[in-house]
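Descriptive structure summary
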Amino acid sequence: MSGFLQNTFNGLVGGAFYALLALGLAVIFGMLRVVNFAHGAFYMLGAFGAYVLLAEAGVPFWAALVIMPLALGLLGMVLERAVIHRLTRLDPLYNFLLTFGLTLILQDLVKSRYGVQSSPYATPTELSGTVDFGLFDFPTYRVFILGFTVLLCVAVWWVLGRTRVGMVVRAATERPELTRAFGIDVGRWVTPVFGFGIALAGLAGVLAAPMRAVNPLMGADLIIVVFAVVVIGGLGSIFGSVAAGFGIGLIQAWGEAYLSDFPIVSQTVVFVVMAAVLLWRPAGLFGREEAPA
Amino acid sequence: MLRIENLSAWYGEAQVLREVSLEVAAGEVVTLVGRNGAGKSTLLRCVMGLHPGQRGTVSFADRDVTKLPAYKRARLGLGWVPDDRGAYATLTVTENLTLPPRVGPDPWPLERVYEAFPALYSRRDSAATMLSGGEQQMLALARVLRMGARLLLCDEPTEGLSPLLVQQVGDLLREAKKHGVTVLLVEQNLHFATGVADRHYLLAEGRIAEAMDNSEVRSRERELLAYLGI
Amino acid sequence: MAGQAILSARGLTRDFRGFRAVDGVDLDVAPETVHALVGPNGAGKTTLFNLLTGFLPPSAGRIELAGRDVTGLPPERVARLGVARSFQITSLFPQLGAREHVELALQAPSGLGWRFWRSAKLMRRYRDRADELLAMVGLAELAEAPAEALAYGRKRALELAIALALDPKVLLLDEPTAGMGLEDVDRTVDLIARVRAGRTVVMVEHNMSVVGRLADTVTVLQAGKVLVEGPYEQVRADERVITAYLGAADAAH
Amino acid sequence: GGGGPQSGGDQKLTGDKIVLGVLNDQSGAYSELSGRNSVKAVEMAIADFKAKYGDKAVTKNISVETADHQNKPDVANSKAQEMYDRKGVDAILDVPTSSAALKVADVAKEKKKLYFNIGAATTDLTGKSCNKYTFHYAYDTYMLAHGTGTVTTQQVGKNWYILYPNYAFGQDMEKSFSAAITAAGGQVVGKDGAPFPNTSGDYSSFLLKAPTLNPKPQVLGTMQAGAELVNVVKQYNEFKLRDKGVGLAVGLMFITDIHSLTPAALAGTTYTDAWYWNFDQQNREWADRFQKETGTRPSFAHAANYSAAMQYLEAVQAAGTDDADTVVKGLEGKEVNDLFLRNGKIRAEDHRVIHDAYLAQVKPQAEVSEPWDYVKILKTIPAAEAFRAPSADCKM
Amino acid sequence: MTSAVDTPAEESARPAPPSGLLTVARAPGWVRYALLAAGLVVALWLPNGLYPAVAVDILCWALFAVSVDLLLGFTGLMSFGHAAFWGTSAYVTGLVAIHAGLPFPAAVLAGALAAALLALPIGYLAVKRTGIYFAMVTLAFAQMVYYVANEWRSVTQGENGLQGVPREFFGADLSDDYYFYYAILPIVLLGLLAAWRIVHSPFGRVLVGIRDNPARARALGYPVHRYKLTAFVLSGFLAGLGGGLFAVGHRFVSLDVLHWTTSGKAVIVVVLGGIGTLWGGVLGAALVVRLEDWLSFSGFEAIGLVTGGIFVLVVLLFRRGIWGTGSALALRWRRPRRRE
Ligand SMILES: Nc1ncnc2c1ncn2[C@@H]1O[C@H](COP(=O)(O)OP(=O)(O)OP(=O)(O)O)[C@@H](O)[C@H]1O
Ligand SMILES: Nc1ncnc2c1ncn2[C@@H]1O[C@H](COP(=O)(O)OP(=O)(O)OP(=O)(O)O)[C@@H](O)[C@H]1O
Ligand SMILES: [Mg+2]
Ligand SMILES: [Mg+2]
């Protein structure tokens, strides 16, 4: 029993990363219709940034948790202004391709500066203990991740779904010209949202630094799983992405724990689920059938 | 209220407006008629500040707005009802209505909008592009009324509306006028136009060919219709 | 009449997330007639078209085409069975020329479209017929122009040519004259009057004069239900239709 | 060392020059273990060779060609062919990544040119894929498992839980480890193949399971490499397995991995090393030279590249020709001692180059006195023991 | 602008078609023949000017790129998982060649057929979506194929790769890449011809129609999903042809052929060459393969920086790609400027 609970807990923690990344993707897609291939690269930059801050300036984890998302958010905003924004009127595929190219560039930039070896990063001391849950104990850091992510997802969902901010940004993304004609300064809204999505990726990266290997390629394969996650949840659906993220995390953890003789299961389960969802509900579990592509 | 001087506009190398000058006084309803492709929609887009290739001056409420970006013009009280109705797929009907900020002295409260357009009320939580063609037309008009715009730029607001609704739109425009709203109306439907407007401009090949008042239009209806119908 | 109806619907219903756009509609279209569908905006006319042509699956109800159950068939199958439609909002292939549109339509029933190993020059066999159709709708000079360069009224005419190219038994036209200048409206009315021979036409139209000139039967929809059905003059005089749709001071523009 | 050219013919060298080719990963996961610094090491060997023989050298015209195979076997394939055919390369060195390594062995065989593999671990190079022109230097999965498995079982604990990445290398390592552990009187109480590649980067279900096994394992043997190893170790520490009495042994670790994880995270961990820069004075002197050239400390792959280049040049010098068959004959069965090869021998049967290996243990942070000095050597494993006996699969 | 009332589901918001389409077709006949002749001459000369192994790679990649363009340029579907077909064919070709000892063209054919077979279920699921969804779905399925090949070691040899794929051809000695190049050139030309034929067939016309307006095509009676699926399978076959030749060319197969970066590279090649131009893909293949070859000897470590950078530039500045830009310039040069 306690083993099952522990595995469940782990699944949720693993899922938290998917959820955070999927959330950022969903925010950007839902608001700007851009599928950001470079999301994994920004996740990597978040983790790497945390390392560089610590190693070269002695900035601790907590500060990095604030600084990196801000810095990356800013970078995201610059990017949006400089390039992404030029392509929003065209087929969304162009932005997909652009961010793909960007991924290669970002990976290589980090690689050529810091090499491919994983960089050291330790768990902050305040969180390095374990929490006793009676039946089992669990690393404090994982508990922190889970709580933090859930809170964040709820907050984002509320802001974008229930406040004027989300509405304006959706409008601005869908029809920038028209929206301008209604008295809204589009540039002022869209750019920060893109930055915000990137900041979420960076945040996930900082959170990952103490428990995952920090290296230039850490986001490369992950992002494809996250794509599958958002397709399952319904691209652009904030709630769907988050739910699918946690769900896939759980399934993978259970698969790993109870079907450990078949590693193929935990590797491909996300794609199998995706295929099933496509057959049964092409728009994703929580996507709207009418949602434009 | 609105003054346009020597306005020219291009799409790439093709010139569609040639030195157009016109004026709309406060509280007036003025229509712009012309064949398909005469440049009527382009003119409205120029006034709104949405057309990149333009020359000439546009002033609104005695203020030169030629250099202002579109969103600032809107904030001064310009309201646009685009020819494609401009419904947002990603926003619900209510969101479509509440999206623009209030800009004029007399913005309609939401309740009043829904009272005037009960069809919209019953669909208030649907995505706006799911509405029928006519419902989208109502939405576009309702939206600028809720903004409280002082000058409405209406691009064929009756296209695709049922006869009953056409009458209602006419009533709405007349009522807006009573409250001091100015309207520049693009219309194919002469019958409707003469019902609501004070004056008319005929746009042909990118120029103002004629300015007429209501009686003149009525007396020359056949001739005009034949002209407009190609 | 139900027995001979070429197109009929029984209890046709369609819900959108709890909103019922079409609500238990019974409809019988007699062969070789022009049947007009009118009604206030949002009454469900376009949705009904989408149901009849397979673009939307119905939530409930049954559709028969010449006695055959076609409920739930995908649009391409319905089209193959002889039902052609035009779209309320112009729907063309922006990069293809006008003639190419018609050729594609002419080719559709033949299965030639699957021949990926043959030359596209094969499609020349449709050229004469295509030019004929284009001439019919007044587009003879514009055969080469890409659709995106056509003016709005021309696009509507091309829509019509495409639908005719399918040589359908049943032709469904969604607001064929919307956005047309007066002369084009006349031309279109003439055209429909000409092509109706041997065909059944169902049309959605707000322009009552067009309805009056063409329709044998008029069905008035309101809030997804059939309000009144009958010949034009009778429907037009109906009290309920006047309050719901036409308005007191009938504007016969 | 051998003397000058045995027969004075000038045309004994093709084009009167020797070209060494370093084909390895210069941009990917292995670029730091070998990469461009391997090229530096080979250049150092050439310089040393020229210094040693001066005017007596077979030629002064010795150069290095290098290419990046990006860890892709297809790239390795074309680059290797191009090196042999167009760039006049006489011997290719390094080639990490097993699939690329095996592919290049094929090319060497076909082109009848020499190939010294250093970067790859697969025993197939000296097993079923062995050939006359291919030599396997440095290490292999057997060596890694044998040393660590035997000594750790004897000195740390008898009960093992093995976690391996489920692919050829990992499976190989698991088998070799299990064999070594059992032979040393230990017991494998559990083993699991983790997905490879493991995109989620999560190993917690395995790490949670370890302490609950019965009997409880005293050692967790992880066969993951590179970034995956880093993930395992980070999570090993997170779940506090050391505090729960489960020690850590690592199948394959490079000094750069320790640097990534910090000695603190790994203190006490045992693994087998092929060479250590701070082992003795000779190594240290060379490491200092290397650091001057490159700014960093050498990994064993760098030292092995140096050695392989040197041994090849010596063989050409001795033979007086770069004719591949002659050089191979000269190398086969040769016993050598140099910077890298201690008690080394180039086995004729399978072209395995055997040498002493070392059981290393990561020092506690407190004992780390200078950068990169992360381990102490617990035991030297004699060459004869360190490598497997020639395999019957190998038919030259 | 469009209302979902008329065109339900996502098809209403189809992406705008890529620009630059079919521009070359309007070039006069003699220009086209001259270009064709020039292309053939270059193809015949290539292994004399380039290292033959590189020339072989160019041929394989040309087929791969054209197969991707068939979908992207002419059906409006961007497959970001075409490595699945290229790679599957490579493995099947390799296995058939090793175990059945067939002449290599037969093995390649078997591989291409296997790829087409795999394209059937993947395509069936993928064509349910369009635009960016399609890209993500194909990407995910390709990744799944990758994992399966990775785990199925008894067949694929996993990480080590399938070694020793023979170049059997009735005993002829093709071990030299120079001769091998000429041996496969006819196959590649045949494949390219097939792609050209498909694009310029009645079927190709329907595809372009579907790309521009799927709802309209359905109303004409064209079963859109089945057309797309057919195009997908044909494209899978062509990709497989390239992949099979690639396997024989390198005489071995590794997991890299299935990796998503391979799919990405194929798209890069097409975009660089020019979407919807067909021959642009061939040009792009030649450039990218040559560039990579040069880079790996150049000592420049950041290959991704260069390829990524080129990619970003192309997407931002030359969306028509080399071929598209070239033909647009040529057309403009012929008719200088339209009068106002
Ligand atoms: N995006 C565009 N690119 C190029 N030409 C355009 C574009 N939009 C409009 N035009 C051309 O500009 C001219 C004026 O167009 P405009 O839309 O202003 O006409 P209109 O009077 O509103 O016509 P309608 O009655 O059909 O709405 C037309 O000839 C049209 O073909
Ligand atoms: N996909 C959809 N999702 C949700 N609601 C829809 C959808 N399609 C149509 N509706 C709703 O169904 C009702 C009927 O729409 P329909 O388009 O059939 O009207 P119509 O009679 O054609 O009107 P008009 O004359 O204005 O074109 C409208 O209220 C519309 O909002
Ligand atoms: Mg207009
Ligand atoms: Mg309608």
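Below you will find a few notes about this structure. (Residues numbered from 1 in each chain as written. Chains lettered and ligands numbered in written order. Predicted model: local features only at pLDDT ≥ 70, side-chain atom pairs only at ≥ 80, totals over all residues. Heavy atoms only, no water.)

Considerations on the sheet that holds strand S3 (residues 29-33) of chain B
Residues and elements named next belong to chain B. Taken together, the 6 strands give an open sheet; going across it, the order is S6-S7-S8-S3-S9-S10, and neighbouring strands pair in mixed fashion. Looking along the sheet, the strands with just one partner apiece sit at the ends: strand S6 (78-81) and strand S10 (207-213). The average undirected angle you get between the axes of adjacent strands in this sheet is 15 degrees. As defined by bridge partners, S3 adjoins strand S9 (residues 199-204) across 4 bridges and the pair is classed as parallel. The residue of S9 that forms the bridge with Leu32 is Tyr201. Contacting S3, S6, strand S7 (151-155), strand S8 (182-186) and S9, helix H1 (residues 40-48) crosses the sheet at an angle of about 150 degrees to S7. (Pairing = 2+ DSSP bridges. Helix = DSSP H or I, 4+ residues; strand = E, 2+ residues; numbered from the N terminus. Axes fitted to C-alpha atoms, helices over the stretch in contact; angles between N-to-C directions. Contact = heavy atoms within 4.5 Å.)

Things to note about the environment of His200 of chain E
In this structure, His200 of chain E sits in the loop between helix H7 (177-199) and helix H8 (202-212). Distance in space between the C-alpha atoms of His200 of chain E and Leu162 of chain E is 38 Å, their sequence separation being 38 residues. Each residue touching His200 of chain E, except ones within four places of it in the same chain, is listed here: Arg118, Ser119 and Ala120 of chain C.

Re the sheet that holds strand S1 (residues 2-11) of chain B
Residues and elements named next belong to chain B. Read across the sheet, 4 strands follow the order S2-S1-S4-S5 without closing on themselves; strand pairing throughout is antiparallel. Two strands in the sheet have a free side with no partner beyond their single neighbour: strand S2 (14-24) and strand S5 (63-64). Running at roughly 115 degrees to S1, H1 makes contact with S1, S2 and strand S4 (54-60) of the sheet.

As for a nonpolar patch on the surface
A cluster of nonpolar residues, Trp157, Trp158, Val159, Val165, Phe239, Leu279, Trp280, Leu285 and Phe286 of chain A together with Tyr124 of chain E, forms a patch on the protein surface that exposes about 1,000 Å² of accessible area. Within the residue set of the nonpolar patch, elements represented by two or more residues are helix H5 (140-162) and helix H11 (263-280) of chain A. Take the nonpolar patch: its biggest share by element is 3 residues, from H5 of chain A. In this structure, Val165 of chain A sits in helix H6 (residues 164-174). (Patch = residues over 30% accessible without salt bridge, like charges linked within 9 Å, V, L, I, M, F, W, Y side chains within 5 Å. Areas by Shrake-Rupley, 256 points an atom, 1.4 Å probe, with all protein chains shown as cover. Salt bridge = Lys/Arg side-chain N within 4 Å of Asp/Glu carboxyl O.)

Quick notes on the packing of aromatic side chains
Under the criterion given, the structure shown has 62 aromatic pairs over all chains. When the ring of Phe9 of chain A is compared with that of Phe138 of chain A, the centres are 4.5 Å apart and the planes differ by 50 degrees; the resulting orientation is tilted. Of this pair, Phe9 of chain A sits in helix H1 (residues 2-32) while Phe138 of chain A sits in strand S2 (residues 137-139), and the two are 129 residues apart along the sequence. Comparing Phe9 of chain A with Phe138 of chain A shows no difference in burial state: the two are buried. Taken together, a centroid distance of 5.5 Å and an interplanar angle of 50 degrees make the contact between Phe104 of chain E and Phe169 of chain E tilted. Of this pair, Phe104 of chain E sits in helix H4 (residues 104-126) while Phe169 of chain E sits in the loop between strand S1 (162-163) and H7, placing them 65 residues apart in sequence. Under the relative-accessibility criterion, Phe169 of chain E is labelled partly exposed at 31%. In this structure an aromatic cluster arises from ring pairing among Phe37, Phe96, Phe100 and Phe227 of chain A together with Phe80, Trp260 and Phe311 of chain E. We note Arg124 of chain B situated over the ring of Tyr121 of chain B; from NZ or CZ to the ring centre the distance is 4.2 Å. (Phe/Tyr/Trp six-rings, centres within 6.5 Å; stacked < 30°, edge-to-face > 60°. Buried < 20%, exposed > 50% of the residue type's maximum accessible area, 1.4 Å probe, protein only. Lys NZ or Arg CZ within 6 Å of the ring centre and 35° of its normal.)

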